[in-house]
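Chain residues, written in single-letter form:
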Amino acid sequence: MLNLLDPWFKMPFGDAAFYAIFGFLFVFAGIVILILIFTLLGLVMKKIGNRKPRPRKDKKSKSTAEGTKAATAEDGSELSPELVAVITAAVAACLESEQSACDFVVRRIKKL
(Lines give C-alpha, C1' and ligand atoms only; values in the text may rest on other atoms or scores of the structure.)
Protein backbone atom coordinates (compact mmCIF):
# COMPACT_ATOMS: atom_id res chain seq x y z
CA MET A 1 0.00 0.00 0.00
CA LEU A 2 2.84 2.40 0.79
CA ASN A 3 4.28 1.65 -2.65
CA LEU A 4 1.18 3.22 -4.21
CA LEU A 5 1.83 6.51 -2.39
CA ASP A 6 5.55 6.52 -3.28
CA PRO A 7 5.31 8.65 -6.45
CA TRP A 8 3.13 11.21 -4.69
CA PHE A 9 4.91 11.23 -1.32
CA LYS A 10 8.65 11.87 -1.82
CA MET A 11 9.60 12.17 1.90
CA PRO A 12 11.08 9.19 3.75
CA PHE A 13 8.74 7.60 6.27
CA GLY A 14 11.06 8.29 9.23
CA ASP A 15 11.18 12.03 8.50
CA ALA A 16 7.40 12.22 8.13
CA ALA A 17 6.89 10.37 11.42
CA PHE A 18 9.37 12.70 13.15
CA TYR A 19 7.56 15.83 11.86
CA ALA A 20 4.17 14.44 12.84
CA ILE A 21 5.27 13.54 16.38
CA PHE A 22 7.11 16.86 16.76
CA GLY A 23 3.97 18.73 15.63
CA PHE A 24 1.73 16.84 18.06
CA LEU A 25 4.12 17.53 20.96
CA PHE A 26 4.43 21.20 20.00
CA VAL A 27 0.65 21.67 19.96
CA PHE A 28 0.24 19.74 23.23
CA ALA A 29 2.92 21.87 24.92
CA GLY A 30 1.22 25.05 23.68
CA ILE A 31 -2.11 23.96 25.10
CA VAL A 32 -0.51 23.08 28.44
CA ILE A 33 1.16 26.51 28.60
CA LEU A 34 -2.15 28.25 27.85
CA ILE A 35 -3.88 26.23 30.57
CA LEU A 36 -1.20 27.21 33.08
CA ILE A 37 -1.41 30.89 32.14
CA PHE A 38 -5.21 30.98 32.48
CA THR A 39 -5.08 29.07 35.76
CA LEU A 40 -2.60 31.55 37.21
CA LEU A 41 -4.69 34.48 35.98
CA GLY A 42 -7.75 32.94 37.60
CA LEU A 43 -5.95 32.60 40.92
CA VAL A 44 -4.74 36.20 40.77
CA MET A 45 -8.22 37.48 39.95
CA LYS A 46 -9.71 35.42 42.77
CA LYS A 47 -7.19 36.92 45.23
CA ILE A 48 -7.98 40.44 44.04
CA GLY A 49 -11.73 39.81 44.25
CA ASN A 50 -11.55 38.45 47.81
CA ARG A 51 -9.81 41.50 49.27
CA LYS A 52 -11.71 43.14 52.08
CA PRO A 53 -12.11 46.90 51.83
CA ARG A 54 -10.25 48.91 54.43
CA PRO A 55 -12.48 50.29 57.18
CA ARG A 56 -12.98 54.04 57.00
CA LYS A 57 -12.39 56.29 59.94
CA ASP A 58 -15.56 58.39 60.17
CA LYS A 59 -15.41 61.34 62.53
CA LYS A 60 -19.15 61.98 62.21
CA SER A 61 -21.46 60.79 64.92
CA LYS A 62 -23.84 58.08 63.84
CA SER A 63 -26.85 59.33 65.77
CA THR A 64 -29.00 62.28 64.77
CA ALA A 65 -30.61 64.88 67.00
CA GLU A 66 -33.98 63.10 67.01
CA GLY A 67 -32.38 59.75 67.85
CA THR A 68 -33.35 58.25 64.50
CA LYS A 69 -30.90 56.73 62.07
CA ALA A 70 -29.89 58.87 59.11
CA ALA A 71 -30.03 57.36 55.64
CA THR A 72 -26.70 55.94 54.56
CA ALA A 73 -25.46 56.31 51.02
CA GLU A 74 -23.70 53.42 49.26
CA ASP A 75 -20.28 54.97 49.85
CA GLY A 76 -20.82 54.91 53.63
CA SER A 77 -21.43 58.62 54.26
CA GLU A 78 -24.53 59.67 56.16
CA LEU A 79 -27.34 61.72 54.71
CA SER A 80 -29.52 63.87 56.92
CA PRO A 81 -33.21 62.98 57.20
CA GLU A 82 -34.09 66.45 55.92
CA LEU A 83 -32.14 65.82 52.70
CA VAL A 84 -33.88 62.49 52.20
CA ALA A 85 -37.28 64.15 52.73
CA VAL A 86 -36.47 66.91 50.23
CA ILE A 87 -35.32 64.45 47.57
CA THR A 88 -38.38 62.23 48.09
CA ALA A 89 -40.73 65.22 47.91
CA ALA A 90 -39.07 66.47 44.72
CA VAL A 91 -39.39 63.09 43.03
CA ALA A 92 -43.00 62.71 44.18
CA ALA A 93 -43.89 66.20 42.93
CA CYS A 94 -42.27 65.47 39.56
CA LEU A 95 -44.19 62.23 39.16
CA GLU A 96 -47.43 63.86 40.34
CA SER A 97 -47.12 66.57 37.70
CA GLU A 98 -46.74 63.90 35.02
CA GLN A 99 -49.90 62.09 36.22
CA SER A 100 -47.87 58.90 36.65
CA ALA A 101 -49.41 55.92 38.39
CA CYS A 102 -46.03 54.68 39.60
CA ASP A 103 -45.95 53.80 43.29
CA PHE A 104 -42.44 53.64 44.64
CA VAL A 105 -40.42 53.67 47.83
CA VAL A 106 -36.98 55.27 48.08
CA ARG A 107 -34.71 52.65 49.62
CA ARG A 108 -31.28 54.05 48.89
CA ILE A 109 -29.82 57.38 47.82
CA LYS A 110 -26.45 57.38 46.17
CA LYS A 111 -24.23 60.47 46.26
CA LEU A 112 -22.60 61.35 42.97
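What counts and what doesn't
Residues numbered from 1 in each chain as written. Predicted model: local features only at pLDDT ≥ 70, side-chain atom pairs only at ≥ 80, totals over all residues. Heavy atoms only, no water. Helix = DSSP H or I, 4+ residues; strand = E, 2+ residues; numbered from the N terminus. Buried < 20%, exposed > 50% of the residue type's maximum accessible area, 1.4 Å probe, protein only. Contact = heavy atoms within 4.5 Å. Areas by Shrake-Rupley, 256 points an atom, 1.4 Å probe, with all protein chains shown as cover. Patch = residues over 30% accessible without salt bridge, like charges linked within 9 Å, V, L, I, M, F, W, Y side chains within 5 Å. Salt bridge = Lys/Arg side-chain N within 4 Å of Asp/Glu carboxyl O. pLDDT = per-residue confidence, 0-100.

1. Let's talk about the overall build of the protein chain
Now for step 1: Secondary structure summary: the protein chain contains three helices and two strands in total.
Now for step 2: Element order for the protein chain, N to C, with α for helix and β for strand: α-α-β-β-α.
Now for step 3: Within the protein chain, the fraction of its 112 residues that count as buried is 7%.
Now for step 4: In the protein chain, 31% of the contacts between residues at least 6 apart in sequence involve partners at least 24 apart.
Now for step 5: Accessible surface, the protein chain: about 10800 Å² in total, of which carbon and sulfur atoms supply 67%.

2. Topic: a nonpolar patch on the surface
Now for step 1: On the surface, a nonpolar cluster with roughly 870 Å² of combined accessible area is contributed by Met11, Phe18, Tyr19, Phe22, Phe26, Val27, Ile31 and Ile35.
Now for step 2: Note on placement: Val27 falls in helix α2 (residues 13–49).

3. Examining the confidence of the model for the protein chain
Now for step 1: In the predicted model, the protein chain carries a mean pLDDT of 76, and 63% of its residues have values of at least 70.
Now for step 2: No element of the protein chain has a lower mean pLDDT than strand β1 (residues 71–72), which averages 56, and none a higher one than α2, which averages 93.
Now for step 3: Here residues 61–68 scores under 50 on pLDDT; set against residues more than four positions off or in separate chains, the count is five contacts.

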